[in-house]
Number of protein chains: 6
Amino acid sequence: MYELGVVYRNIKRTDRATTDGLASLGSATVHEAMGRVGLLKPYMRPIYAGAQVSGTAVTVLLHPGDNWMMHVVAEQIQPGDIVVAAITAECTDGYFGDLLATSFQARGARALVIDAGVRDVKTLTEMNFPVWSKAISSKGTIKATIGSVNIPVVCAGMLVTPGDVIVADDDGVVCVPAALAAKTLESARAREANEGEKRAKLASGVLGLDMYKMREPLEKAGLKYID
Amino acid sequence: MYELGVVYRNIKRTDRATTDGLASLGSATVHEAMGRVGLLKPYMRPIYAGAQVSGTAVTVLLHPGDNWMMHVVAEQIQPGDIVVAAITAECTDGYFGDLLATSFQARGARALVIDAGVRDVKTLTEMNFPVWSKAISSKGTIKATIGSVNIPVVCAGMLVTPGDVIVADDDGVVCVPAALAAKTLESARAREANEGEKRAKLASGVLGLDMYKMREPLEKAGLKYID
Amino acid sequence: MYELGVVYRNIKRTDRATTDGLASLGSATVHEAMGRVGLLKPYMRPIYAGAQVSGTAVTVLLHPGDNWMMHVVAEQIQPGDIVVAAITAECTDGYFGDLLATSFQARGARALVIDAGVRDVKTLTEMNFPVWSKAISSKGTIKATIGSVNIPVVCAGMLVTPGDVIVADDDGVVCVPAALAAKTLESARAREANEGEKRAKLASGVLGLDMYKMREPLEKAGLKYID
Amino acid sequence: MYELGVVYRNIKRTDRATTDGLASLGSATVHEAMGRVGLLKPYMRPIYAGAQVSGTAVTVLLHPGDNWMMHVVAEQIQPGDIVVAAITAECTDGYFGDLLATSFQARGARALVIDAGVRDVKTLTEMNFPVWSKAISSKGTIKATIGSVNIPVVCAGMLVTPGDVIVADDDGVVCVPAALAAKTLESARAREANEGEKRAKLASGVLGLDMYKMREPLEKAGLKYID
Amino acid sequence: MYELGVVYRNIKRTDRATTDGLASLGSATVHEAMGRVGLLKPYMRPIYAGAQVSGTAVTVLLHPGDNWMMHVVAEQIQPGDIVVAAITAECTDGYFGDLLATSFQARGARALVIDAGVRDVKTLTEMNFPVWSKAISSKGTIKATIGSVNIPVVCAGMLVTPGDVIVADDDGVVCVPAALAAKTLESARAREANEGEKRAKLASGVLGLDMYKMREPLEKAGLKYID
Amino acid sequence: MYELGVVYRNIKRTDRATTDGLASLGSATVHEAMGRVGLLKPYMRPIYAGAQVSGTAVTVLLHPGDNWMMHVVAEQIQPGDIVVAAITAECTDGYFGDLLATSFQARGARALVIDAGVRDVKTLTEMNFPVWSKAISSKGTIKATIGSVNIPVVCAGMLVTPGDVIVADDDGVVCVPAALAAKTLESARAREANEGEKRAKLASGVLGLDMYKMREPLEKAGLKYID
């Protein structure tokens with residue numbers, strides 16, 4: 001349940017170096033490094049292909065069809081943040097367009113993650129302002145009801161606490177809790193370190209069956225080959 | 001409920017200048033200018049990114065899995081029209097491909113809006129013939145049952161009357177009733193007129209909170225800031 | 001129902017010439033040529049636009065959240081194959097990423113068709129390894145339970161037997177049973193043969209109503225024109 | 001597109017005898033009698049099994065999350081009416097509960113058909129006030145924005161004009177336009193008249209194949225029997 | 001892919017005793033006994049609660065919106081059969097109502113399992129003729145295109161071969177291949193045999209943790225208790 | 001993000017009197033009393049109609065297709081609890097059946113709320129053990145991976161903290177945070193107190209328009225009546 005009508009101005013952001021280090025590893029590797037948790041539901045899709053970012057979460061809770069708090073959260077953005085927007089009920093309206101994106105970008109935001117719709121996606125693409133959303137919709141919103149900023153929110157099924165690290169790319173969006181960020185970065189880097197070698201082996205025709213020594217466990221599990 | 005088996009040859013189209021003027025404003029601005037109504041459901045998506053058109057609606061009512069009337073509506077197309085296709089039940093079949101698109105384009109159609117599926121999307125993209133649809137599907141259709149042309153239809157949840165203006169882009173599809181088109185164009189232009197100035201302010205770091213004088217109403221609504 | 005825990009090493013593949021001939025015809029024409037059957041459900045979408053392939057089906061049955069058998073199927077791939085992956089229950093996890101794609105590509109696979117999710121789609125796009133899937137998801141999988149390889153599977157609602165021909169493009173995925181492949185190729189080529197002429201006529205403004213002689217049957221069906 | 005902010009007080013209702021006669025025929029027979037059109041989408045489900053009603057449509061257009069107009073439409077209800085509620089965007093909120101049902105019932109309404117959610121379904125069931133809806137939800141609504149009463153609306157994909165006949169039962173909801181109601185009643189009764197005889201034959205083991213003389217057309221269509 | 005236009009008159013049905021023995025065990029136990037496979041997708045729901053049946057599968061393949069083959073399959077029903085109906089594309093139309101149910105029941109059918117819609121559900125309930133379906137819909141169908149009877153079909157994602165055993169109850173629908181039916185019955189009975197004892201223990205307050213000796217493996221898996 | 005592999009044995013439950021007092025008020029009234037927040041998504045449906053309960057939340061986090069932790073949470077149940085089960089990814093498998101229900105009931109649990117599937121619903125209904133779930137499915141689960149018990153979880157889009165009050169009935173499921181329970185009870189009772197009087201007025205034909213004095217604000221909002 002949410003605390004309504006409050007804006008927390010001081011949040012503890014994950015340190016910049018750790019946050020920034022996670023971007024290039026990508027959401028899939030980071031998700032693995034955390035033990036296969038932290039992923040927002042896969043209906044969250046980028047408005048254009050190719051963006052790959054990480055940033056510290058600044059959260060906003062909105063009401064269905066009402067984007068008033070988007071202007072409130074804009075003021076709380078610091079360079080390197082990613083805004084994470086949750087809605088109190090299911091909604092696909094277009095809460096966010098090119099004007100708000102101009103404001104967010106001017107404040108230093110790197111992206112928006114929103115469990116609802118966006119619009120002006122052609123302009124957002126030209127601006128290089130990436131958004132991960134549930135929908136794209138021309139439908140506008142009103143400014144009538146207050147929500148909250150920088151409270152823990154549930155976005156696309158995942159609990160996001162202000163200051164957590166968000167990693168997003170074409171594969172989806174992962175939330176890394178602040179307390180686990182450093183360890184996750186280390187673990188994700190370790191996973192990636194030997195990927196080059198594995199890729200070279202696989203490219204040369206070596207099978208994963210042999211590289212990962214799977215033949216024996218598969219046989220033990222009962223797998224039969226039939227000619 | 002629909003009148004079946006009729007083709008209305010004479011429809012009153014919104015005048016060309018008004019219709020054409022709406023394209024560059026885009027579906028989001030036009031939707032706002034009408035008071036946030038007129039939008040087809042957001043599951044209507046373009047088959048390729050970047051197209052932005054307006055045109056006068058020529059409507060066709062089809063049966064599930066049957067595209068016979070597509071050939072009938074082709075004859076009723078005049079340059080500057082957009083064909084709006086509704087189905088009497090939910091269907092994702094591919095009613096429309098490159099041959100029909102060649103015919104529609106030759107008649108002067110600017111686009112197709114269909115509450116079902118299309119196919120040959122690679123060729124349609126190369127032809128620069130935009131389609132907004134519910135699905136993409138190879139599944140073909142038969143030619144066995146008659147529907148109607150140029151009757152009012154419900155397409156993706158919205159009532160579209162022949163001669164109405166359709167505005168479509170990456171954000172979605174809006175229907176502007178003929179009677180409201182001139183007023184909507186004026187109102188949409190007015191909205192857009194001061195967007196440049198707003199954008200410049202926001203880009204310079206001015207907050208929407210101040211630009212729109214929201215701080216006082218937010219406080220009155222009970223918003224609390226916590227340090 | 002599925003036979004679990006078996007790998008059939010020897011399957012009868014449709015001959016190469018027939019298989020390869022179907023690619024350029026595309027899924028929509030092939031689907032028509034078969035009498036409008038054989039299409040996987042239209043939720044199967046390519047991870048990037050423009051790929052158009054055909055290949056012989058090598059099948060794999062997986063459990064939800066478990067991609068162990070992906071390594072087993074890799075060994076059974078021969079150049080020109082397309083891997084068709086079915087899951088025993090609905091799942092959107094990312095079963096397949098760039099490492100497996102490297103291995104599949106090294107073995108000669110042309111594509112993957114999977115009734116679940118994939119990840120690393122940015123890298124897969126750069127590798128030119130096309131995938132048709134139900135979802136894109138960072139969510140990884142485990143390797144704990146055995147399924148089967150090269151048994152008949154149901155993928156996206158369609159029965160696929162090892163050795164069948166798969167034809168996939170932006171419009172969707174079609175399965176052509178081995179026994180019908182030669183006849184389908186012939187029939188699809190015949191359909192396409194006179195498409196150029198039809199397209200030229202339609203482009204010149206001739207109506208389908210006249211080209212296909214539809215006016216009389218439409219009148220018989222009761223269609224009325226109203227001025 | 002909708003006319004907003006208006007209440008039409010005088011609508012032409014289909015005559016009572018015709019309207020009432022349609023109830024016992026049921027939605028499936030009425031739908032057939034109209035030529036298989038007029039059905040609201042099948043996601044419209046009754047909140048309890050067994051209710052079977054017909055009535056004259058009184059329409060109301062609501063905004064997402066706002067049920068203010070429900071109180072406005074209550075005043076326009078006459079005995080024998082069924083309220084048909086459409087929403088300007090997709091919404092599953094609970095717009096209607098036991099208090100409004102008490103008011104509607106006191107005014108003589110026979111049912112509610114709503115393209116959104118309802119609540120207090122246990123009490124509505126005890127009150128014998130049937131509702132066909134898209135969802136059941138505790139989520140309440142506000143009273144802030146005006147819509148319209150007794151304008152033509154699109155409800156669950158179907159255009160409903162005030163005064164049309166609504167027929168609803170466990171199979172779904174059908175809208176019969178006022179102009180077609182008398183003819184539809186006649187035609188539906190004719191369909192039903194010989195159903196008893198057919199049922200008796202089928203119950204005795206006579207096959208539809210013989211009763212409807214289908215064997216020859218099936219053979220002509222190419223059906224083969226294999227022993 | 002399906003063979004179209006054929007009716008197989010002679011199918012090998014699973015023996016009656018085995019088939020009938022599976023009903024009382026229920027779909028969940030039977031599904032477990034087969035190794036957690038064989039289940040039709042869980043969107044298949046009974047039209048009324050409480051029915052629990054088993055029977056031998058007689059299959060029918062239908063086209064979208066066309067129920068002609070329902071009359072053809074009726075002739076192939078033998079007492080103790082369950083009709084399993086698949087459609088060549090997604091469809092929610094009401095293919096089956098009280099007249100067909102009368103015919104099926106007269107032929108000895110125990111139930112219908114259909115990957116589409118049914119209607120007249122009130123009457124079907126009164127007739128005690130259970131149906132498991134994807135939808136309920138008044139929407140009628142035509143009789144224009146032939147499909148097939150008693151070919152293997154994919155119904156709700158599962159391959160069903162004529163003569164297989166279908167077990168259906170409030171939990172869903174399971175298909176037991178003929179070859180596995182005897183073994184599955186034995187295994188399902190074994191599972192059920194000691195359920196009574198387990199239930200008594202659990203009812204007395206014994207925990208599954210102790211009854212199944214899970215404490216040690218949970219500890220090994222790393223589970224920590226925190227006071 | 002979730003803490004995995006932990007069982008919190010000591011949680012602070014909302015006091016019994018407050019918890020129990022909320023049941024009879026129902027989910028709709030309680031949801032209103034909290035300011036229209038706290039509702040789990042409306043896809044959460046009861047397995048049988050008529051149950052109306054409240055209880056203190058004991059939470060469990062499960063993996064897709066794995067119900068091992070259900071046995072762990074059973075030990076933590078105290079009389080008057082409701083088990084709230086969340087899954088780390090979308091899943092419709094049947095995690096819970098009559099044996100676990102026997103155990104839960106023996107421990108004093110009043111209900112289960114699960115963002116996945118259940119089975120044995122016929123037996124659960126006979127046992128009077130209510131469940132609110134996303135699905136009903138025969139599909140069984142394995143016991144291989146550990147999750148957690150009594151951590152805060154996101155269930156059907158709502159954050160539930162152990163010890164919160166759950167109120168569930170035919171309209172849905174509401175979570176009342178422990179800190180707000182007493183106030184919510186008071187406020188919900190106040191709402192209900194004057195409902196009887198309102199109902200009597202409405203039943204006598206008084207309109208909500210007059211009872212709530214809406215005519216003036218509606219006129220101010222621009223509503224026009226047309227004769």
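1. Digging into the overall build of chain A
Okay, so step 1: The secondary structure content of chain A amounts to 9 helices and 12 strands.
Okay, so step 2: Taken over the C-alpha atoms alone, chain A extends approximately 70 × 35 × 35 Å along its principal axes.
Okay, so step 3: Counting all 227 residues of chain A, 64% fall into the buried class.
Okay, so step 4: Counting only contacts in chain A whose residues sit at least 6 apart along the sequence, the fraction spanning at least 24 positions is 76%.
Okay, so step 5: Surface exposure of chain A reaches about 7,700 Å², of which carbon and sulfur atoms provide 51%.
Okay, so step 6: Here chain A contributes 24 positive and 25 negative side-chain charges, whose respective centroids are spaced 2 Å apart.

2. Re the interface of chain C and chain A
Okay, so step 1: Taken together, the contacts link 35 residues of chain C with 35 residues of chain A.
Okay, so step 2: Between chain C and chain A, a total of about 3,100 Å² is buried, with carbon and sulfur atoms accounting for 59% of that surface.
Okay, so step 3: Taken together, the links from chain C to chain A amount to 4 salt bridges.
Okay, so step 4: In this structure, the salt-bridge partner of C:Asp98 is A:Arg199, at a minimum N-O distance of 2.6 Å.
Okay, so step 5: Between chain C and chain A we count 16 residue pairs in polar contact (both at pLDDT 80 or more) in total.
Okay, so step 6: Taken together, the elements giving at least two residues each to the side of chain C that touches chain A come down to β1 (6–8), α3 (68–76), α4 (98–107) and α5 (121–126) of chain C.
Okay, so step 7: By residue number, the principal contributor to the side of chain C that touches chain A is α3(C), which donates 7 residues.
Okay, so step 8: Looking at side-chain class alone, the side of chain C that touches chain A contains 13 nonpolar, 12 polar and 10 charged residues.

3. Some points on the pairing of strand β3 (residues 53–62) of chain F
All names here are of chain F.
Okay, so step 1: Of all 10 residues in β3, 10 are buried; the element is thus mostly enclosed.
Okay, so step 2: Alignment of β3 against strand β10 (residues 165–169), held across 4 bridges, turns out to be antiparallel. What sits directly across from Val53, in β10, is Ala168.
Okay, so step 3: Between the parallel pair β3 and strand β4 (residues 81–87), the chain is carried across by helix α3 (residues 68–76), and the sense of this crossover is right-handed.
Okay, so step 4: Across 2 bridges, β3 lies against strand β7 (residues 148–149) in antiparallel orientation.

4. Here we look at the relation of the copies chain C and chain A
Okay, so step 1: In screw terms, the move from chain C to chain A is a rotation of 120° and a rise of 0.0 Å along the axis, fitting with an RMSD of 0.0 Å. What the superposition gives is, in effect, a three-fold axis relating one chain to the other.

5. Regarding helix α2 (residues 26–33) of chain B
All names here are of chain B.
Okay, so step 1: Counting buried positions along α2 yields 8 of 8 residues, so the element is predominantly enclosed.
Okay, so step 2: Among the residues of α2, those classed as buried are Gly26, Ser27, Ala28, Thr29, Val30, His31, Glu32 and Ala33.
Okay, so step 3: If you follow the buried residues of α2, they end up packed against α1 (16–23), β10 (165–169), β11 (172–176) and α6 (181–193).
Okay, so step 4: One or two steps after α2, the chain reaches Gly35, where phi turns positive at roughly 90°.

6. So, the interface of chain C and chain B
The extent of an interface is frequently quoted as the accessible surface area lost upon association of the parts.
Okay, so step 1: Taken together, the contact between chain C and chain B spans 35 residues of the former and 34 residues of the latter.
Okay, so step 2: A buried area of about 3,100 Å², summed over both sides, lies between chain C and chain B, and 59% of it is on carbon and sulfur atoms.
Okay, so step 3: When residues of chain C are sorted by the area they lose upon contact with chain B, C:Asp171, C:Tyr225 and C:Ile226 head the list and together hold 19% of the total.
Okay, so step 4: Here chain C is connected to chain B by 16 residue pairs in polar contact (both at pLDDT 80 or more).
Okay, so step 5: Elements with a minimum of two residues in the side of chain C that touches chain B: α2 (26–33), α7 (195–203), α8 (208–211), α9 (215–220) and β12 (224–226) of chain C.

7. So, the environment of E:Val174
All names here are of chain E.
Okay, so step 1: Its place among the elements puts Val174 in strand β11 (residues 172–176).
Okay, so step 2: Overall, Val174 belongs to the buried group, its relative accessible area being 0%.
Okay, so step 3: Note: C-alpha distance between Val174 and Val30 (144 residues apart in sequence) is 7.5 Å.
Okay, so step 4: Each residue touching Val174, except ones within four places of it in the same chain, is listed here: Ser27, Val30, His31, Met34, Gly38, Leu39, Val165, Ile166 and Val167.

8. Description of the packing of aromatic side chains
Okay, so step 1: This structure, assessed with the given rule, holds 12 aromatic pairs over all chains.
Okay, so step 2: Pairwise contacts between aromatic rings join A:Phe96, A:Phe104 and A:Phe129 into one cluster.

9. Examining the nonpolar core
What tends to happen in soluble globular proteins is that the nonpolar side chains get buried as a cluster.
Okay, so step 1: In terms of nonpolar packing, the biggest core is built from 134 residues, with A:Met70, A:Phe104, F:Met70 and F:Phe104 touching the most fellow members.
Okay, so step 2: Every residue in contact with F:Phe104, bar those within four places of it in the chain, is listed here: F:Met70, F:Val73, F:Ala74, F:Ile77, F:Val83, F:Phe96, F:Ala109, F:Leu112 and F:Phe129.

10. Brief notes about the environment of C:Ala74
Okay, so step 1: Within the secondary structure, C:Ala74 sits in helix α3.
Okay, so step 2: Apart from residues lying up to four places away in sequence, C:Ala74 is in contact with A:Leu207, C:Ser103, C:Phe104 and C:Arg107.

11. Quick look at the arrangement of the chains
Okay, so step 1: Between chain C and chain D there is no contact, and the shortest C-alpha to C-alpha separation is 14 Å.
Okay, so step 2: One thing to see here is that chain A and chain E don't touch, and their nearest C-alpha atoms sit 14 Å from each other.

12. A closer look at unusual backbone geometry
Okay, so step 1: Positive phi, normally seen in glycine, also occurs at A:Asp120, with a value near 60°.
Okay, so step 2: With respect to the element layout, A:Asp120 can be found in the loop between β5 (111–118) and α5 (121–126).
Okay, so step 3: Overall, the relative accessible area of 17% leaves A:Asp120 in the buried class.
Okay, so step 4: Non-glycine residue B:Arg36 carries a positive phi angle of around 60°.
Okay, so step 5: When you line up the elements, B:Arg36 lands in the loop between α2 and β2 (45–46).

13. Structural notes on the pattern of salt bridges
Between side chains of opposite charge, a pair can form when the charged atoms approach closely.
Okay, so step 1: According to the stated counting rule, one finds 84 salt bridges over all chains in the structure shown.
Okay, so step 2: Two residues, D:Asp227 and E:Arg9, come together in a salt bridge whose shortest N-O distance is 2.7 Å. Pair noted here: D:Asp227 is in the segment after β12 (224–226) and E:Arg9 is in the loop between β1 (6–8) and α1 (16–21), and the two residues belong to different chains.
Okay, so step 3: One network of salt bridges, with partners in common, ties together A:Glu32, A:Arg36, A:Arg191 and C:Arg119.

14. A look at helix α3 (residues 68–76) of chain A
Okay, so step 1: The buried fraction of α3(A) amounts to 8 of the 9 residues, a majority that puts the element mostly inside the structure.
Okay, so step 2: Within α3(A), the full set of buried residues consists of A:Trp68, A:Met69, A:Met70, A:His71, A:Val72, A:Val73, A:Ala74 and A:Gln76.

15. A word on the pairing of β5(A)
Residues and elements named next belong to chain A.
Okay, so step 1: Burial within β5 is extensive, with 8 of its 8 residues counted as buried.
Okay, so step 2: Bridge analysis of strand β4 (residues 81–87) against β5 gives 4 bridges, and the strand direction is parallel. Each residue of the ladder has a partner; that of Ala85, found in β5, is Ile114.
Okay, so step 3: A crossover links β4 with its parallel partner β5, the connecting element being helix α4 (residues 98–107), and its sense is right-handed.
Okay, so step 4: In the classification by handedness, the crossover that spans β5, the intervening α5 and the parallel strand β6 (residues 131–136) is right-handed.

16. Concerning the packing of helix α3 (residues 68–76) of chain B against helix α4 (residues 98–107) of chain B
All names here are of chain B.
Okay, so step 1: Where α3 meets α4, the closest approach of the two axes is 9 Å, and the angle between their N-to-C directions is 15°. Accordingly, the angle class assigned to the pair α3 and α4 is roughly parallel. The handedness of the crossing between α3 and α4 is left-handed. Where α3 abuts α4, its residues Met70, His71, Val73, Ala74 and Glu75 lie against Leu100, Ser103, Phe104 and Arg107.
Okay, so step 2: Class assignment of the residues belonging to the contact of α3 with α4 gives a composition of 5 nonpolar, 2 polar and 2 charged.

17. Re the state of the cysteines
Okay, so step 1: All told, the structure shown has 0 disulfides over all chains when counted by the stated rule.
Okay, so step 2: There is no disulfide at A:Cys91, and the cysteine sulfur nearest it, in D:Cys91, is 8.4 Å away.
Okay, so step 3: Lacking any disulfide linkage, E:Cys155 is separated from the closest cysteine sulfur, that of E:Cys175, by 9.3 Å.
Okay, so step 4: Classification of E:Cys155 as buried rests on a relative accessible area of 0%.

18. Here's the deal with the confidence of the model for chain A
Okay, so step 1: When the pLDDT values of chain A are averaged, the result is 95; 100% of them are 70 or greater.
Okay, so step 2: Across the predicted assembly, pTM comes out at 0.92 and ipTM at 0.94.

19. Here's the deal with the packing of helix α7 (residues 195–203) of chain E against helix α4 (residues 98–107) of chain F
Okay, so step 1: Two numbers describe how α7(E) lies on α4(F): the axes approach to 8 Å, and their chain directions differ by 20°. On the basis of their axis angle, the class for α7(E) and α4(F) is roughly parallel. Between α7(E) and α4(F) lies a crossing whose hand is right-handed. Contacts between α7(E) and α4(F) involve E:Glu195, E:Lys198, E:Arg199, E:Leu202 and E:Ala203 from the former and F:Asp98, F:Leu99, F:Thr102, F:Ser103 and F:Ala106 from the latter.
Okay, so step 2: When the residues that make up the contact of α7(E) with α4(F) are grouped by side-chain class, the tally is 4 nonpolar, 2 polar and 4 charged.

Scoring rules and cut-offs
- Residues numbered from 1 in each chain as written.
- Chains lettered and ligands numbered in written order.
- Predicted model: local features only at pLDDT ≥ 70, side-chain atom pairs only at ≥ 80, totals over all residues.
- Heavy atoms only, no water.
- Helix = DSSP H or I, 4+ residues; strand = E, 2+ residues; numbered from the N terminus.
- Buried < 20%, exposed > 50% of the residue type's maximum accessible area, 1.4 Å probe, protein only.
- Contact = heavy atoms within 4.5 Å.
- Areas by Shrake-Rupley, 256 points an atom, 1.4 Å probe, with all protein chains shown as cover.
- Lys, Arg positive; Asp, Glu negative; His and termini not counted.
- Charge placed at Lys NZ, Arg CZ, Asp CG, Glu CD.
- Buried area = accessible area lost by both parts, 1.4 Å probe.
- Salt bridge = Lys/Arg side-chain N within 4 Å of Asp/Glu carboxyl O.
- Polar contact = N/O pair within 3.5 Å; in protein donor to acceptor, adjacent residues only side chain to side chain.
- Nonpolar A, V, L, I, M, F, W, Y, C, P; charged D, E, K, R; others polar.
- Pairing = 2+ DSSP bridges.
- Right-handed = clockwise from strand over helix to strand, strands pointing away.
- Least-squares fit on C-alpha atoms with pLDDT ≥ 70 in both.
- Phe/Tyr/Trp six-rings, centres within 6.5 Å; stacked < 30°, edge-to-face > 60°.
- Core = buried A, V, L, I, M, F, W, Y, C linked by side-chain atoms within 4.5 Å.
- Axes fitted to C-alpha atoms, helices over the stretch in contact; angles between N-to-C directions.
- Parallel < 35°, antiparallel > 145°, perpendicular 65-115°, else oblique.
- Left-handed = near helix turned anticlockwise from the far one by under 90°.
- Disulfide = S-S within 2.5 Å.
- pLDDT = per-residue confidence, 0-100.

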